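These are the residues of each chain, in order.
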Amino acid sequence: VICQNLTNLAQKAMQTLNLRFASVDIIKPIINPTIKSIAKTDSGNYQILEINPGVTLDRFASQTTDNYRVAKEIYRAAILKML
């Protein structure tokens with residue numbers, strides 16, 4: 001359920017900015033009960049930190065052969081989905 005909520009949050013953020021492909025950094029701030037500024041949303045207390053349309057997995061891919069394969073598949077799936 002959390003994963004689907006995070007996916008929905010990321011997709012909504014991308015749609016708002018009219019982006020088809022981007023990385024969306026999502027955080028769950030540590031809640032201090034004395035601070036009222038963090039509003040609970042449909043996705044819980046998760047919030048968008050940043051949205052980056054310049055997606056790169058270079059560093060991840062360079063760490064191991066398995067990471068390279070994973071990154072290659074992510075790029076492949078993203079390109080095919082956009083066709």
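Look up a bit, the structure's there.
This structure is a prediction, so every number in the text was calculated from the model and none was measured.

In this section: the overall build of the protein. The helix and strand inventory of the protein stands at three helices and two strands. Pairs at least 24 residues apart make up 43% of the contacts formed inside the protein by residues separated by at least 6 positions. As displayed, the protein has an accessible area near 6800 Å², and 57% of this comes from carbon and sulfur atoms.

So, on to the environment of Val 70. Along the polypeptide, Val 70 turns up in helix 3 (residues 65-82). Among the residues examined, Val 70 registers a relative accessible area of 41% and is labelled partly exposed. Once the C-alpha coordinates of Val 70 and Phe 60 are considered, the two residues, ten residues apart in sequence, prove to be 9.2 Å apart.

Its location among the elements puts Asn 5 in helix 1 (residues 2-16). By relative accessible area, Asn 5 is classed as partly exposed at 27%. Taking the C-alpha atoms as reference points, Asn 5 and Tyr 46, 41 residues apart in sequence, are found 9.3 Å from one another.

Here we come to the side chain of Asn 67. Turning to its location among the elements, Asn 67 is positioned in helix 3. Beyond its immediate stretch of four places on either side in the chain, Asn 67 contacts Phe 60 and Ala 61.

Quick look at the pattern of salt bridges now. The full count for this structure, using the stated rule, is two salt bridges. One salt bridge connects Asp 66 with Arg 69, and the closest N-O pair in it is separated by 3.0 Å. Taken together, the positions of Asp 66 and Arg 69, both in helix 3 and three residues apart, correspond to about one turn of that helix. Between Glu 73 and Arg 76 there is a salt bridge, with the nearest N and O atoms lying 3.4 Å from each other. Within this pair, Glu 73 and its partner Arg 76 are both found in helix 3, separated by three residues, close to a single helical turn.

Turning our attention to helix 3. Relative to the 26 Å expected for 18 residues at 1.5 Å per residue, helix 3 spans 26 Å between its end C-alpha atoms, a close match to the ideal helical length. Of the positions making up helix 3, those classed as buried are Asn 67, Ala 71 and Ala 78. Each buried residue of helix 3 sits inside an arc of 35° when the element is viewed along its axis, so together they form one side. In helix 3, the exposed positions angled more than 90 degrees off the buried face are occupied by Thr 65, Arg 69 and Lys 72.

Let's shift gears to unusual backbone geometry. In most cases, non-glycine residues show a negative phi, while peptide bonds are predominantly trans. One non-glycine residue, Asn 18, adopts positive backbone phi at about 55°. Judged by relative accessible area, which is 69%, Asn 18 ranks as exposed.

Rules behind the numbers
- Residues numbered from 1 in each chain as written.
- Predicted model: local features only at pLDDT ≥ 70, side-chain atom pairs only at ≥ 80, totals over all residues.
- Heavy atoms only, no water.
- Helix = DSSP H or I, 4+ residues; strand = E, 2+ residues; numbered from the N terminus.
- Contact = heavy atoms within 4.5 Å.
- Areas by Shrake-Rupley, 256 points an atom, 1.4 Å probe, with all protein chains shown as cover.
- Buried < 20%, exposed > 50% of the residue type's maximum accessible area, 1.4 Å probe, protein only.
- Salt bridge = Lys/Arg side-chain N within 4 Å of Asp/Glu carboxyl O.
- Expected span 1.5 Å × (residues − 1).
- Arc of directions from axis to C-beta.

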